[in-house]
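Each chain, letter by letter, is given below.
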Amino acid sequence: MLQGIEQSLITYYIALGFYFIGTISYIDHLLSKRKASYIIGFSSISAGLLFHTAFLAYRWSVSGHAPFVGLFESLSFFAWSIVLSYLIIEFIYKEKSIGGLVMPVMLIMGFLALIPPKGMTPKIPVLNTLWFEVHVAASFLSYAMFAIAFSMGIAMQFKRLHSRLQMPSKKLMDNVSYNAILWGFALFSAGMISGGIWAFYAWGTYLLWTPKEIWSLIIWIYYAGILHAWLIKEWQKERIAYLNIIGFIIVLFTYIGVGLLMKSSHQF
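Residues numbered from 1 in each chain as written. Predicted model: local features only at pLDDT ≥ 70, side-chain atom pairs only at ≥ 80, totals over all residues. Heavy atoms only, no water.

Comments concerning the overall build of the chain
The condition is simple: Strands are runs of DSSP state E lasting at least two residues, helices are runs of H or I lasting at least four, and both sets are numbered from the N terminus onward. Contacts are assigned to residue pairs that have any heavy atoms within 4.5 Å of one another. Where accessible areas are quoted, they stem from the Shrake-Rupley method and a 1.4 Å probe; at the residue level, only the protein chains shown are allowed to cover.
Check the secondary structure of the chain and you find 8 helices and 0 strands. Along the chain, helices and strands appear, N-terminal first, in the series α-α-α-α-α-α-α-α. Within the chain, counting contacts between residues at least 6 apart in sequence, those at least 24 apart form 78% of the total. For the chain, the accessible surface area stands at approximately 12,900 Å², while carbon and sulfur atoms represent 71% of it.

Rendered as structure tokens:
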């Protein structure tokens with residue numbers, strides 16, 4: 001099995017290679033608007049997603065549980081979630097230049113996954129439930145949406161400071177950002193609800209009040225506040241862009257920082 005796991009990692013490395021080519025190409029398309037760069041970027045990112053999906057499917061089949069246990073698998077799944085979410089957004093909005101803004105965040109997560117140990121966690125009773133898989137999948141897909149809103153927030157600051165940069169229109173970035181937060185909040189809420197049900201079946205209580213759960217509640221309240229702020233006309237979208245940046249930093253701390261620095265029922 002160990003040899004099979006090591007061989008499967010080659011699939012992940014190939015996916016990262018495609019992601020790297022795709023990210024560079026998307027950035028070049030953002031800056032130059034060259035059609036060839038977009039074609040290479042889209043093709044490479046799509047190919048990377050296929051290899052990445054195959055890698056995750058293999059891990060799932062061997063371990064017996066969904067492939068997002070431990071820091072390596074969770075970072076890998078986070079990167080996969082960002083790619084999938086981005087491609088859906090590109091399909092909906094037909095805006096090709098957004099990839100140059102979003103893919104760098106994905107690539108960072110994908111390469112960070114190379115740092116921790118890459119072994120598999122054996123199937124244990126607490127993971128043997130559909131609620132675990134729904135909870136984690138919904139949570140990371142919501143993180144991916146928050147990452148996209150973060151990317152739009154960063155792009156808005158660049159557009160404000162460097163007006164000559166060929167960024168997408170402010171209206172488009174506002175629209176993408178708002179819908180990313182809306183869907184991210186809905187998915188995060190689903191993750192919290194399914195996590196409570198999972199906790200009840202695993203430990204007999206819906207809430208353990210661990211640091212991870214407390215910080216997750218902070219995230220939920222924070223993004224609920226952003227959605228509320230969006231409905232207040234007096235709030236300028238530039239301010240909300242700052243909130244999106246801060247919000248994703250809170251998400252990253254909750255995801256990685258709490259797992260590393262505080263004792264919790266969650267590894268990551």
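Quick look at the nonpolar core
Note the cut-off: To qualify as a nonpolar core, a set must consist of buried Ala, Val, Leu, Ile, Met, Phe, Trp, Tyr and Cys residues joined through side-chain atoms within 4.5 Å. Here's how the labels work: a residue is buried when its accessible area is under 20% of the maximum for its type, exposed when over 50%, partly exposed in between, all with a 1.4 Å probe on protein chains only.
Membership of the largest hydrophobic core comes to 74 residues, with the highest contact counts inside it found for Y19, I82, Y223 and F248. Going through the elements one at a time, helix 1 (2–32), helix 2 (35–63), helix 3 (70–93), helix 4 (99–112), helix 5 (130–161), helix 6 (170–203), helix 7 (211–230) and helix 8 (237–261) are the ones with two or more residues in this core. Broken down by element, the residue count for this core peaks at 14 residues, all from helix 5. With residues near it in sequence (within four places) discarded, I82 still touches V102, V105, M106, M109, A144 and A147.

What about the pattern of salt bridges?
Where we set the bar: When a carboxyl oxygen of Asp or Glu lies within 4 Å of a side-chain nitrogen of Lys or Arg, that pair is called a salt bridge.
For the coordinates displayed, the defined rule picks out 3 salt bridges. The partner of E73 in a salt bridge is R59, and the shortest N-O contact between them spans 2.9 Å. Of the two residues, E73 sits in helix 3 while R59 sits in helix 2, which places them 14 residues apart along the sequence. We note that E73, like R59, is buried.

Some thoughts on helix 3
Put simply, the test is: For a helix, the expected span equals 1.5 Å multiplied by the residue count minus one.
Taking 1.5 Å as the rise per residue, helix 3 with 24 residues should run 34 Å; its terminal C-alpha atoms sit 34 Å apart, in good agreement. Most of helix 3 sits out of view: 19 of its 24 residues are buried. Directly after helix 3, the chain includes K94, whose backbone phi takes a positive value near 60°.

A short note on helix 6
Between its first and last C-alpha atoms helix 6 spans 47 Å; for 34 residues at 1.5 Å apiece the expected length is 50 Å, and the two agree. G204 sits one or two residues past helix 6 and shows a positive phi near 85°.

Focus: the environment of F68
Within the fold, F68 resides in the loop between helix 2 and helix 3. Judged by its relative accessible area of 7%, F68 falls in the buried class. Between the alpha carbons of F68 and T121 there is a distance of 9.6 Å; along the sequence they are 53 residues apart.

Looking at the packing of aromatic side chains
As a reminder, the rule being used: In this scheme Phe, Tyr and Trp rings, the latter by its six-membered ring, pair at centre separations within 6.5 Å, and the angle between planes marks the pair as stacked below 30 degrees, edge-to-face above 60, and tilted otherwise. By the criterion adopted, a ring carries a charge over it if an Arg CZ or a Lys NZ lies within 6 Å of its centre and within 35 degrees of its normal.
Across all of its chains, the model carries 27 aromatic pairs by this definition. Arranged with centres 6.0 Å apart and planes meeting at 65°, the rings of Y26 and Y38 form a pair that is edge-to-face. On the criterion of sequence distance, the pair formed by Y26 in helix 1 and Y38 in helix 2 is long-range, its members being 12 residues apart. Given a relative accessible area of 12%, Y38 falls into the buried group. Sitting over the ring of F91, K94 keeps its end group 4.1 Å from the ring centre. For K118, the ring lying beneath its charged end belongs to F72, and the centroid distance is 5.9 Å.

Re the packing of helix 2 against helix 3
Short version of the rule: A fitted line through C-alpha atoms serves as each axis, taken over the contacting stretch for helices, and the angle formed by two N-to-C directions is quoted from 0 to 180°. For classification purposes, an angle smaller than 35 degrees is called roughly parallel, one larger than 145 roughly antiparallel, one from 65 to 115 roughly perpendicular, and anything else oblique. Should the near helix be turned anticlockwise from the far one by less than a right angle, the crossing is left-handed, and should it be turned clockwise, the crossing is right-handed. Residues are grouped as follows: nonpolar covers Ala, Val, Leu, Ile, Met, Phe, Trp, Tyr, Cys and Pro; charged covers Asp, Glu, Lys and Arg; every other residue, Gly included, is treated as polar.
One can describe the packing of helix 2 onto helix 3 by two numbers: an axis separation of 10 Å at closest approach and a directional angle of 140°. As the angle between them shows, helix 2 and helix 3 are arranged oblique. Judged by the twist between their axes, the crossing of helix 2 over helix 3 is left-handed. Across the interface between the two elements, Y38, F42, I45, S46, L49, H52, T53, F55, L56 and R59 of helix 2 pack against F72, E73, S76, F77, A79, W80, V83, L84, L87 and E90 of helix 3. Split into classes, the residues belonging to the contact of helix 2 with helix 3 amount to 13 nonpolar, 4 polar and 3 charged.

A look at the environment of I256
Mapped onto the fold, I256 is located in helix 8. Along the chain, I256 and L71 lie 185 residues apart, while their C-alpha atoms are 8.1 Å from each other.

Thoughts on unusual backbone geometry
Residues apart from glycine generally show negative phi values, whereas peptide bonds are mostly found in trans. Positive phi is not limited to glycine here, since K33 has a value of about 65°. Residue classification places K33 among the partly exposed positions, given a relative accessible area of 36%.

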